[in-house]
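Coordinate inspection notes
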Amino acid sequence: QVQLVESGGGLVQAGGSLRLSCTASGRTLSFYGMGWFCQAPGKEREFVAGITWNGGNTYYADSVKGRFTITKDNAKNTVYLQMNSLKPEDTAVYYCAADLTHSRLANAYDYWGQGTQVTVSS
């Protein structure tokens, strides 16, 4: 079992930045691909960013390309999402997820964190 805990969410003005962290316990993340997803009220959970097990490849939703960066530190068992140039439409609960493969599809992931709220004011 992998337990994931997100942190770093909060309230920020449009144009600002946040860095989300997702730390794992129970197992090493070294062999896991990781993803960040977001879910706004009344909407389905959406893919934001993903990274392969060794950090060698990253991929992003078109809406965040050039603004968000996903990184993975296997030594710290942690994955990060650096969020820059935030927009009000980025407001959502952000979740990290882990799987032995990597995918843009939420149902491909076996393990999920509890989520952290990001609110961007205009």
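Below or above, wherever it landed, is the structure these notes cover. (Residues numbered from 1 in each chain as written. Predicted model: local features only at pLDDT ≥ 70, side-chain atom pairs only at ≥ 80, totals over all residues. Heavy atoms only, no water.)

Okay, the pattern of salt bridges next. In the structure shown here, the tally under the stated rule is 2 salt bridges. Between D62 and K65 there is a salt bridge, with the nearest N and O atoms lying 3.2 Å from each other. Between D90 and R67 there is a salt bridge, with its nearest N and O atoms 2.8 Å apart. Separated by 23 residues along the polypeptide, D90 in the loop between β8 (78–83) and β9 (92–99) and R67 in the loop between β6 (58–60) and β7 (68–73) bring together distant segments of the chain. (Salt bridge = Lys/Arg side-chain N within 4 Å of Asp/Glu carboxyl O. Helix = DSSP H or I, 4+ residues; strand = E, 2+ residues; numbered from the N terminus.)

Before going further, it helps to examine the packing of aromatic side chains. In total, this model carries 7 aromatic pairs according to the counting rule given. Between F37 and F47 the ring centres are 5.7 Å apart and the planes differ by 75°, which places this aromatic pair in the edge-to-face class. Within this pair, whereas F37 is found in strand β4 (residues 33–39), its partner F47 is found in strand β5 (residues 46–51), the two being separated by 10 residues in sequence. On the numbers, 6.1 Å between centres and 65° between planes, the contact of Y109 with W112 is edge-to-face. Three or more aromatic residues link up through ring pairs in this structure, and these residues are F37, F47, Y59, Y95, Y109 and W112. Stacked on the ring of Y95, the Lys or Arg R45 has its end atom at 3.7 Å from the ring centre. Just above the ring of W112 sits the side chain of R45; from NZ or CZ to the centre is 4.8 Å. (Phe/Tyr/Trp six-rings, centres within 6.5 Å; stacked < 30°, edge-to-face > 60°. Lys NZ or Arg CZ within 6 Å of the ring centre and 35° of its normal.)

The next point concerns unusual backbone geometry. Keep in mind that most residues, glycine aside, have a negative phi and that most peptide bonds are trans. Even without being glycine, N77 reaches a positive phi, approximately 55°. The topology assignment puts N77 in the loop between β7 and β8. One non-glycine residue, S85, lies in positive phi territory at about 50°. Tracing the sequence through the fold places S85 in the loop between β8 and β9. Using a relative accessible area of 41% as the deciding quantity, one classes S85 as partly exposed. (Buried < 20%, exposed > 50% of the residue type's maximum accessible area, 1.4 Å probe, protein only.)

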